[in-house]
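Chain by chain, the residues:
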Amino acid sequence: MTAHRNFKNQVRARAARTGESYTAALRNIRSARPGGAAPEEARHRGTVRLAVAQTHLRTDPRDAAALSGSGREVRALMREAARQGARIVHFPEGALCYPGKLVMSADGPDEVGPADWDRCRWEVLRSELRAVADLARELRLWTVIASAHRLTGSNRPHNSLYVVSDRGQVVTRYDERLLSRTKGAYMYAPGSSPVTFEVDGTRFGCLLGMEIHYPELFAEYERLDADCVLFSTSGTLGNTSAQAQGHAAVNGYWVSLAVPAGQAAASPSGIVAPDGDWLAQCAAGDSPAVAVADLDDGSEAAAEAVAYARPWRRAVRAGLYDGHRVTDPRSEDRTAAF
């Protein structure tokens, strides 16, 4: 660990001498080293500006006017994100529509039952998604937007996040895997795998719905070398913000939390740094908004989380201490006296 400490002192000294941020000094010292690597160092991915949005939640996919209104709101926020220099914008679950369980229930309107997806105005939803993709191409803005993804025949749709590139193309799609009781019993088919994609060298992972409650999914993205996890939800519990901060700090990556505007009083949309601190949050109100942050924010704490804490934890998990274990009767006897 002495090499680790000495290297950090070198970075701090350069930052003080040049006026650079800690991250910039770290990057420049890396590039000057033989092989470009620092002790226990993760690779540098670059900087990307991320916008996270909060939108109104509309629950009736039979209502063409409401679907169109959601589409206009999403596109207005895309323009605002682009105006603030974002390279990618991330929307909450239900940004276009979050089909209500009673609205969709074949046994409704007062009883939850199997969803009747013939009630969805699929042609209107597809039209709004195409308009979002067209605008993403026009703005050169990567866009992560939630929607039901229709399957064939009588199969239920997936609850999904579409990843639309800055060329207006769907490059991948994440399907929610660990569904809520109602979603799994009545509404959606679960997905099967994690998804990652890259924007300007920064690797993103996606999670959705109630999956913030499953730390193993966030750990999976750490193993997949994600730099940021985009989590979209339609509703929050009191500890959702705290969980997002915890997942970021434990895994040493950024977490973007996208929630509906109606939930913003308790837990507004925002972006958490790898040290667990909030970089940016939307206003805690009932209005659509975006918050923007650079995923290389220049803070020493975030840089150290990415460059040191994360690779150190990987080394420990890989058996760093295996060779230090001893065979000792006082170790094996857990009732041994003081």
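Up top is the structure.
One structure accompanies this document, and this report is about it. (Residues numbered from 1 in each chain as written. Predicted model: local features only at pLDDT ≥ 70, side-chain atom pairs only at ≥ 80, totals over all residues. Heavy atoms only, no water.)

Notes on the sheet that holds strand β12 (residues 289-294)
Alright, step 1. An order of β5-β4-β3-β2-β1-β12 is seen for the six strands of this open sheet, with the pairing classed as mixed. The open sheet has two edge strands with one neighbour each: β5 (170-175) and β12. Pairwise comparison of adjacent strand axes, ignoring direction, gives a mean angle of 25° for this sheet.
Alright, step 2. In this structure, strand β2 (residues 88-90) lies alongside strand β3 (residues 142-149), joined through three bridges in parallel fashion. Paired with Val89 across the two strands is Thr143, which belongs to β3.
Alright, step 3. The strands that helix α3 (residues 64-83) touches are β1 (49-54), β2, β3 and β12; relative to β12, the one it contacts most, it runs at about 30°. (Pairing = 2+ DSSP bridges. Helix = DSSP H or I, 4+ residues; strand = E, 2+ residues; numbered from the N terminus. Axes fitted to C-alpha atoms, helices over the stretch in contact; angles between N-to-C directions. Contact = heavy atoms within 4.5 Å.)

Digging into the sheet that holds strand β7 (residues 202-208)
Alright, step 1. Within the open sheet, the six strands sit side by side as β6-β7-β8-β9-β10-β11. Their pairing is mixed. Strand pairing shows two members of the sheet lacking a second neighbour, β6 (196-199) and β11 (278-281), which therefore form its edges. Mean inter-strand twist for the sheet, computed between neighbouring axes without regard to direction, equals 20°.
Alright, step 2. Packing against the sheet, helix α7 (residues 215-223) makes contact with β6, β7 and β8 (228-232), and its axis sits at approximately 165° to β7.
Alright, step 3. Packing against the sheet, helix α8 (residues 240-251) makes contact with β9 (254-258), β10 (270-272) and β11, and its axis sits at approximately 160° to β9.

Looking at the nonpolar core
Alright, step 1. If you look at the biggest cluster of nonpolar residues, it comprises 45 residues, and the most contacted ones within it are Ile88, Tyr174, Phe197, Phe204, Leu207, Leu230 and Leu295.
Alright, step 2. Among all residues touching Phe204, those that are not within four sequence positions of it are Val48, Ile88, Val195, Thr196, Phe197, Val199, Cys228, Leu230 and Leu295.
Alright, step 3. Listed in part, the 34 residues of the second largest apolar core include Ala81, Ala136, Leu141 and Ile145. (Core = buried A, V, L, I, M, F, W, Y, C linked by side-chain atoms within 4.5 Å. Buried < 20%, exposed > 50% of the residue type's maximum accessible area, 1.4 Å probe, protein only.)

Quick notes on the pairing of β7
Alright, step 1. The element β7 is extensively covered by neighbouring structure, given that seven of its seven residues are classed as buried.
Alright, step 2. Neither face of β7 is open: one carries Thr202, Phe204, Cys206 and Leu208, the other Arg203, Gly205 and Leu207, and all of them are buried.
Alright, step 3. Here β6 runs beside β7; their pairing, made up of four bridges, is antiparallel. Bridge pairing links Thr196 to Gly205 in β7.
Alright, step 4. Bridge count between β7 and β8: five bridges; the pairing is parallel.

Some words on the pattern of salt bridges
Alright, step 1. Scanning the entire structure with this criterion turns up 22 salt bridges.
Alright, step 2. In this structure, the salt-bridge partner of Arg203 is Asp225, at a minimum N-O distance of 3.8 Å. Here the residue Arg203 occupies a position in strand β7, and Asp225 occupies one in the loop between α7 and β8, the gap between them amounting to 22 residues.
Alright, step 3. A salt bridge links Glu222 to Arg314; its shortest N-O distance comes to 2.7 Å. Residue Glu222 is found in helix α7, and its partner Arg314 is found in helix α9 (residues 300-317); the two are separated by 92 residues along the sequence.
Alright, step 4. On the accessibility criterion, Arg314 (31% relative accessible area) is partly exposed.
Alright, step 5. Three or more residues joined by partner-sharing salt bridges are found here, namely Glu198, Arg203, Glu222, Asp225, Arg310 and Arg314. (Salt bridge = Lys/Arg side-chain N within 4 Å of Asp/Glu carboxyl O.)

Description of a nonpolar patch on the surface
Alright, step 1. Together, Val316, Leu320 and Tyr321 make up an exposed nonpolar region whose accessible area comes to about 240 Å².
Alright, step 2. Accessibility expressed as a relative area gives 31% for Val316, which makes it partly exposed. (Patch = residues over 30% accessible without salt bridge, like charges linked within 9 Å, V, L, I, M, F, W, Y side chains within 5 Å. Areas by Shrake-Rupley, 256 points an atom, 1.4 Å probe, with all protein chains shown as cover.)

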